[in-house]
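A look at the structure
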Amino acid sequence: MSAQTWSPKPARPAPANTVGFVGWARENLFATKLDTALTLLCVTLIVYTLEVVFGWAIIDASFSGEDRKACLKQVQGACWPFIDAKLGQFIYGRYPEMERWRVDWVFAIGALGLVPLLMPKVGWKRANVIFMLGFYPLFCFFMLTGGVFGLTPVDTTDWGGLLVTLVVAITGIVGSLPLGILLALGRRSELPIVRALCVAFIEIFRGVPLITVLFMASVMLPLFLPDGVNFDKLVRCLIGVALFSSAYMAEVVRGGLQAIPKGQYEAAAALGLGYWKTTRLIILPQALKLVIPGIVNTFIGLFKDTTLVLIVGLFDLLGIVQLHFTDSSWATPETHITGYAFAAFVFWVFCFAMSRYSIFMENHLSTDRDKES
Amino acid sequence: MTDPVIRISNMNKWFGTFHVLRDINLQVAAGEKIVICGPSGSGKSTLIRCLNRLEHHQEGHIEVEGVSLDGSMKNLESIRSNVGMVFQQFNLFPHMSVLENCTLAPIWVKQKTKQEAEALARQFLERVRIPDQADKYPGQLSGGQQQRVAIARALCMNPDIMLFDEPTSALDPEMIKEVLDVMVELAEDGMTMLCVTHEMGFARQVADRVIFMDEGEIVEENEPEAFFSNPQNERTKMFLSQVLSH
Amino acid sequence: MRSWLNRDALLQAIVLLAVVAGMVWLVGNVQSNLERQNINSGFGFLSERAGFGINQTLIDYTEDDSFGRVVVVGLLNTLLVSVLGIFFATLLGFSLGVARLSRNWLISKIAMVYIEIFRNVPLLLQIMFWYFGVLRNLPSPRQALSIGEAMFVSNRGVVVPWLEAGAGAVWYGVAFAGVLAGGFWLRRRALKMKLNTGQASRVWRPLALLTLALFAVAALLAGVPFTLDVPYLKGFNFRGGLTVIPEFVALLLALSLYTAAFIAEIVRAGINAVDKGQREASAALGLPESLALRLVVIPQALRVIIPPLTSQYLNLTKNSSLAVAIAYPDIVSVLAGTTLSQVGQAVEIIFVTMMIYLSLSLLTSWAMNRYNQRMALVGNAS
Ligand SMILES: Nc1ncnc2c1ncn2[C@@H]1O[C@H](COP(=O)(O)OP(=O)(O)OP(=O)(O)O)[C@@H](O)[C@H]1O
Ligand SMILES: [Mg+2]
């Protein structure tokens, strides 16, 4: 008996109202009567919000002018000339105008080093890290403070704006990384005293608000030092911020250490490696790679927290914007809102970009893992 | 012959633009046992999930116990409580004990008292041969035990029809038999069953009809004896030679 | 083995010694610095007269009270703004989290935009925006926005009518407690009846009756001991009613809106963490969607949600310390701000402030650990 041959029925296109935009809309916007009502409500809400925002930021806004008169219109919108006039201050603070190129160089070199570091595909990671952690900080230090190579000294009290925000955030994260790693290792150590000290440090700093740590750094730290020794206020804040974030960093790193399978330790022990060699060569490289998203997230938190330095009298971006509200030649009813909107936008761009990067790395790392297994 | 309890006519289903089920026609009589097999991705799961409306079809008709399944249904829950389903991944509720898993639906859907529901549950746990695990949590049981709990949980609703979607394929070989034994017993008691499985021994033993699907179509259906010994279609032959060869 | 032990012991001894030596050095420095600058030490200042006013006090306080009482006033203000902030942030956060998972594309996208905006802008900026940008920019009391001539919004804050409670008000409190207890009891009874007889029992009607009865009794016992205190404008400011200071409004608003964005993400992740099969299994058993949510999905999602949620609550409480930037009299603001500038004893004051937060944190994490232990799923659930 000969078997029937079989060929699959050709696929037919789906009913028109279930595919394409119509199908999508039926499913996602108008699935039920309630959904339809909610969709209409949302549309109204969106239209209204856009109207208010665009009306304020563009249609009713002032765009050019030399002082407050430009922004005293009948219908009031954003006072962009204020931002335009103060932009230099917002970026560099009171850094002397003649010397601002130094800050620009620091920004440029930093970006140049950072971008390839962040891209997983680009090689030379080790060299790049050494450059960024070894050479770059020194470069920044001499460039920004001056006093050597014929550069005019610039006092840190003259630093401000985005410059201070970035200096605090980046020093905080760079300083907290090694300390955080040590604390995380200490917390997992088998030596009870070391472990107890690390746990105490971590839990204390995670248990108190950053502002109390900053107060401690700015008013208590001078008392802790011998007579005559004193740091600059910026440096004191940097120490406070670094100590504070190292506690959070330690917990992030600990998460990575816990994710390393026991087999890795055993294999290293079988090779005859001691504790430090195992940690440095086998465990840390894997653990740190795993927690890149966590580190980025800590950095986002830290970046937002840099604004707190204004409370102890430093002028970060928000602080300097706030400071310039007192300039009577720009006193308009819209100055505050415009200034906050500008600062919020700058912070938002940084934080949002970093959070996307963190998600990207998470996906990248998980596909890496899939490939390996 | 009694009226069919399930009647599928010219049923078509798409996932977006992908045509998963193509012109399906099938009638199942009360007490009939159907085994559905076919290669991966042929639409077996989708077909039986349409029967309790976990998936919605776009064209044609599905009628279960005289009720037509479509978008205007009011009493979806009552149909669902008459159609039990057992999943490949068990899907037990991990935060409830075995007993609570079994009594949840009788209490909240069938408005039974706790006492009645527990008595019923213990009776079915006995039938699936795990009477002494009632107070454990799913996480403490082996895969085979979990799947038997899932069967008991479905039976507690006194369903007229049972759907099985590859109930043994997530199990280690030594546990497959304990689940199949329970299913055979259930079949002997006269339950209407639709079962997606590649356990050909089971199909031979209990099935009234075996259905072979590919590319979203029913390619061939026949009584097990004829189906296995003398497949009519060369696609079926090829599939059987692959399944039976190992 | 032995030599390792010895090496470890030695290492630990060295670490310990270094830490102790460091401490001794620091304490020595502090002592000599304090002596040189003629600053007192010790906690004696807590019983001295404070001498400054506080613009929001939950307990009686005057300038003549001690610094010790200032600590209590500040702590209560911190707790007030934190508790209310937690309440509103939870409400908004859960709504946003659920909206984020809505089948309705627009709702989900609106929730996403909210979350991405609010969590990526520094909290301090948001606090200052609401305070300096919005609330302090409002018209003066004379031009206040009025809602039904009873509630006024101006740059001095929000003034609302208030029920002035007289002597018998406590009976109403008792009646209210009775209604709450009755409500709980009725729900429990309904569940029990459901389990014992399969029949649902009424909850709402008896509860309404109970409410009516209890308040009627309270009225009989105490009459109506309330007078409605409606604010009115007198001179340059409002009299009567309850004034909510703008510092409080700004801080509460910012804390709630900011934390809600984080809570929304936690809720979304928690609900997503419940396997799709759980809903399918519930549906296949005939459970309606609402019951499946209540009995199957939410209990499992909560296990995932609650630990990070608590840490958000803790964050909110710690973040309330940003009050100092707008001079809301919370614990940091009255202690590390005003008190410190008057007394100058930085070490003690910062220490007290830190200890207060630290004890709140440790208490919470202790409770959290207890909860986690109790809630851990038995066995490794699949
Ligand atoms: N929710 C869904 N959305 C889009 N496509 C889907 C969905 N569920 C299943 N499919 C696709 O439909 C086809 C049929 O799936 P189905 O699960 O029914 O196959 P199956 O026969 O049960 O296969 P298996 O033996 O692997 O379980 C597959 O190609 C699958 O990728
Ligand atoms: Mg399948």
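Not measured: the values here are computed from a predicted model.

In this section: the overall build of chain B. Tallying secondary structure elements over chain B gives 9 helices and 10 strands in all. Taking 18 Å as the expected radius of gyration for a compact globule of 246 residues, we find that chain B reaches 18 Å, a close match to that expectation. Dimensions of chain B, computed from C-alpha atoms along their principal axes, come out at roughly 55 × 45 × 40 Å. Per-residue burial over chain B gives 61% buried out of 246 residues. Summarising the internal contacts of chain B: among those between residues at least 6 apart in sequence, 66% fall at separations of at least 24. Accessible surface computed for chain B: about 9700 Å², of which carbon and sulfur atoms make up 45%. Positive and negative charge centroids in chain B, built from 23 and 35 side chains respectively, lie 4 Å apart.

Take the site of ligand 1 next. Residues and elements named next belong to chain B. Neighbouring residues of ligand 1: F15, F18, V20, P39, S40, G41, S42, G43, K44, S45, T46 and E166. Take G41: an N or O atom from its main chain is 2.8 Å from an oxygen atom of ligand 1. The contact in question runs from an oxygen atom of ligand 1 to an N or O atom on the side chain of T46, over 2.4 Å. Against a free-state accessible area of 630 Å², the protein chains account for coverage of 58% of ligand 1. If you list the elements that add at least two residues to the shell around ligand 1, you get β2 (18-29) and α1 (44-51). Among the residues making up the shell around ligand 1, the classes are represented as 4 nonpolar, 6 polar and 2 charged.

Turning our attention to the packing of helix α8 (residues 210-224) of chain A against helix α10 (residues 331-343) of chain C. With their axes 11 Å apart at the nearest point, α8 of chain A and α10 of chain C run at an angle of 15° to one another. When the interaxial angle is binned, α8 of chain A and α10 of chain C end up roughly parallel. Helix-helix and strand crossings are classified by hand; for α8 of chain A and α10 of chain C the assignment is left-handed. From α8 of chain A, I211, T212, F215 and V219 of chain A reach across to α10 of chain C, where they touch V332, A336 and L340 of chain C.

Below, the discussion takes up the interface of chain B and chain A. Interface extent is often summarised as the accessible area lost during association of the parts. Between chain B and chain A, the contact holds 19 residues from the first and 16 residues from the second. With both sides pooled, the region where chain B packs onto chain A buries about 1500 Å², and carbon together with sulfur makes up 53% of that total. The three residues of chain B that bury the most area against chain A are W14, E217 and Q232 of chain B, which together make up 28% of that side's buried surface. Summed over the shared surface of chain B and chain A, the result is 3 salt bridges. Across the pair D23 of chain B and R12 of chain A runs a salt bridge whose closest N-O atoms are separated by 3.4 Å. The tally of links between chain B and chain A comes to 8 residue pairs in polar contact (both at pLDDT 80 or more). Those elements that provide at least two residues to the side of chain B that touches chain A are β1 (4-15), β2, β10 (217-222) and α9 (234-245) of chain B. Of the residues in the side of chain B that touches chain A, the class split is 2 nonpolar, 8 polar and 9 charged.

Residues and elements named next belong to chain B. Here the structure, examined in full by the defined rule, presents 1 disulfide over all chains. The thiol of C37 is not disulfide-bonded; the next cysteine sulfur, from C195, is found 11 Å away. Residue C37 is classed as buried on the basis of its relative accessible area of 0%.

Residue and element names in this part refer to chain C. The antiparallel open sheet is built from 4 strands, whose spatial order is β1-β2-β3-β8. In the strand order of this sheet, the two ends are held by β1 (145-147) and β8 (242-244), each with one partner. With strand direction ignored, the average angle separating the axes of adjacent strands in the sheet is 15°. Of the strand pairs in this sheet, strand β3 (residues 157-160) and β8 are connected by 3 bridges, and their pairing is antiparallel. From the neighbouring strand, V160 faces β8, where its bridge partner is L242.

Now for the packing of helix α7 (residues 192-207) of chain A against helix α11 (residues 346-375) of chain C. In contact at an axis separation of 8 Å, α7 of chain A and α11 of chain C are set at 105° when each is read in the N-to-C sense. Taken together, the axes of α7 of chain A and α11 of chain C are roughly perpendicular relative to one another. Together, E203, I204 and G207 of chain A of α7 of chain A and Y357, L358 and S361 of chain C of α11 of chain C make up the contact between the two elements. Of the residues contributing to the contact of α7 of chain A with α11 of chain C, the split by class is 3 nonpolar, 2 polar and 1 charged.

Here we come to helix α5 (residues 125-145) of chain A. All names here are of chain A. For α5, spanning 21 residues, the distance from its first C-alpha to its last is 29 Å, which sits close to the expected 30 Å at 1.5 Å a residue. Taken as a whole, α5 carries its principal kink of about 35° at Y136; the proline P137 stands between one and four residues after it. What α5 keeps buried is the set N128, M132, Y136, F139, C140, M143, L144 and T145. Close packing links the buried residues of α5 with α4 (100-118) and α6 (161-187). Once α5 ends, the next one or two residues include G146, with phi positive near 70°.

Take the interface of chain C and chain A next. Between chain C and chain A, the residue contacts involve 52 residues of the former and 58 residues of the latter. With both chains or domains summed, chain C and chain A bury close to 4800 Å², and 74% of this area falls on carbon and sulfur atoms. Summed over the three residues of chain C that lose the most area to chain A, namely Q12, N120 and M354 of chain C, the buried surface amounts to 13% of that side. Two residues, D35 of chain A and R103 of chain C, come together in a salt bridge whose shortest N-O distance is 3.3 Å. Where chain C touches chain A, the interface holds 17 residue pairs in polar contact (both at pLDDT 80 or more). At the level of elements, α1 (2-37), α3 (105-119), α4 (123-134), α7 (246-272), α10 and α11 of chain C are the ones that each hand at least two residues to the side of chain C that touches chain A. A total of 14 residues in the side of chain C that touches chain A trace back to one element, the largest contributor, which is α1 of chain C. Counted by class, the side of chain C that touches chain A contains 35 nonpolar, 11 polar and 6 charged residues.

Under the criterion given, the structure shown has 35 aromatic pairs over all chains. An angle of 70° between the planes, with centres 6.0 Å apart, marks the rings of F82 of chain A and F90 of chain A as edge-to-face. Since its relative accessible area comes to 1%, F90 of chain A is described here as buried. With a centroid separation of 4.7 Å and an interplanar angle of 25°, the aromatic rings of F152 of chain C and F238 of chain C are classed as stacked. With F152 of chain C in strand β2 (residues 151-154) and F238 of chain C in strand β7 (residues 237-239), this pair connects stretches of sequence that are 86 residues apart. The ring of F93 of chain B has R153 of chain B sitting right over it, with the charged end atom 4.6 Å from the ring centre. We note R204 of chain B situated over the ring of F228 of chain B; from NZ or CZ to the ring centre the distance is 4.6 Å.

L144, W159 and F215 of chain A are the most contacted members of the largest nonpolar core, which totals 154 residues. In this view, L144 of chain A contacts Y95, R102, V103, V106, V154, W159, L163 and V167 of chain A; residues no more than four positions away in its chain are not counted. Core analysis: the second largest hydrophobic core is formed by 52 residues, L120, L180, F202 and F228 of chain B among them.

Partitioning chain C into domains gives domain 1 (2-39) and domain 2 (67-142 + 244-375). Placing a centre on the C-alpha atoms of domain 1 of chain C and another on those of domain 2 of chain C gives a separation of 39 Å.

The subject of this paragraph is the environment of R294 of chain C. Positionally, R294 of chain C belongs in helix α9 (residues 289-319). Leave out the neighbours within four places in its chain, and R294 of chain C touches W108 of chain B together with P299 of chain C.

Moving on to the environment of L114 of chain A. Inspection of the secondary structure assignment puts L114 of chain A in helix α4. The exposure class of L114 of chain A is partly exposed, given its relative accessible area of 39%.

Basis of the calculations
Residues numbered from 1 in each chain as written. Chains lettered and ligands numbered in written order. Predicted model: local features only at pLDDT ≥ 70, side-chain atom pairs only at ≥ 80, totals over all residues. Heavy atoms only, no water. Helix = DSSP H or I, 4+ residues; strand = E, 2+ residues; numbered from the N terminus. Rg over C-alpha atoms; globule rule 2.2 N^0.38 Å. Buried < 20%, exposed > 50% of the residue type's maximum accessible area, 1.4 Å probe, protein only. Contact = heavy atoms within 4.5 Å. Areas by Shrake-Rupley, 256 points an atom, 1.4 Å probe, with all protein chains shown as cover. Lys, Arg positive; Asp, Glu negative; His and termini not counted. Charge placed at Lys NZ, Arg CZ, Asp CG, Glu CD. Near = heavy atom within 4 Å. Polar contact = N/O pair within 3.5 Å; in protein donor to acceptor, adjacent residues only side chain to side chain. Nonpolar A, V, L, I, M, F, W, Y, C, P; charged D, E, K, R; others polar. Axes fitted to C-alpha atoms, helices over the stretch in contact; angles between N-to-C directions. Parallel < 35°, antiparallel > 145°, perpendicular 65-115°, else oblique. Left-handed = near helix turned anticlockwise from the far one by under 90°. Buried area = accessible area lost by both parts, 1.4 Å probe. Salt bridge = Lys/Arg side-chain N within 4 Å of Asp/Glu carboxyl O. Disulfide = S-S within 2.5 Å. Pairing = 2+ DSSP bridges. Expected span 1.5 Å × (residues − 1). Bend = angle between axes of the 7 residues up to and from the residue. Phe/Tyr/Trp six-rings, centres within 6.5 Å; stacked < 30°, edge-to-face > 60°. Lys NZ or Arg CZ within 6 Å of the ring centre and 35° of its normal. Core = buried A, V, L, I, M, F, W, Y, C linked by side-chain atoms within 4.5 Å. Domains from an automatic or database assignment.

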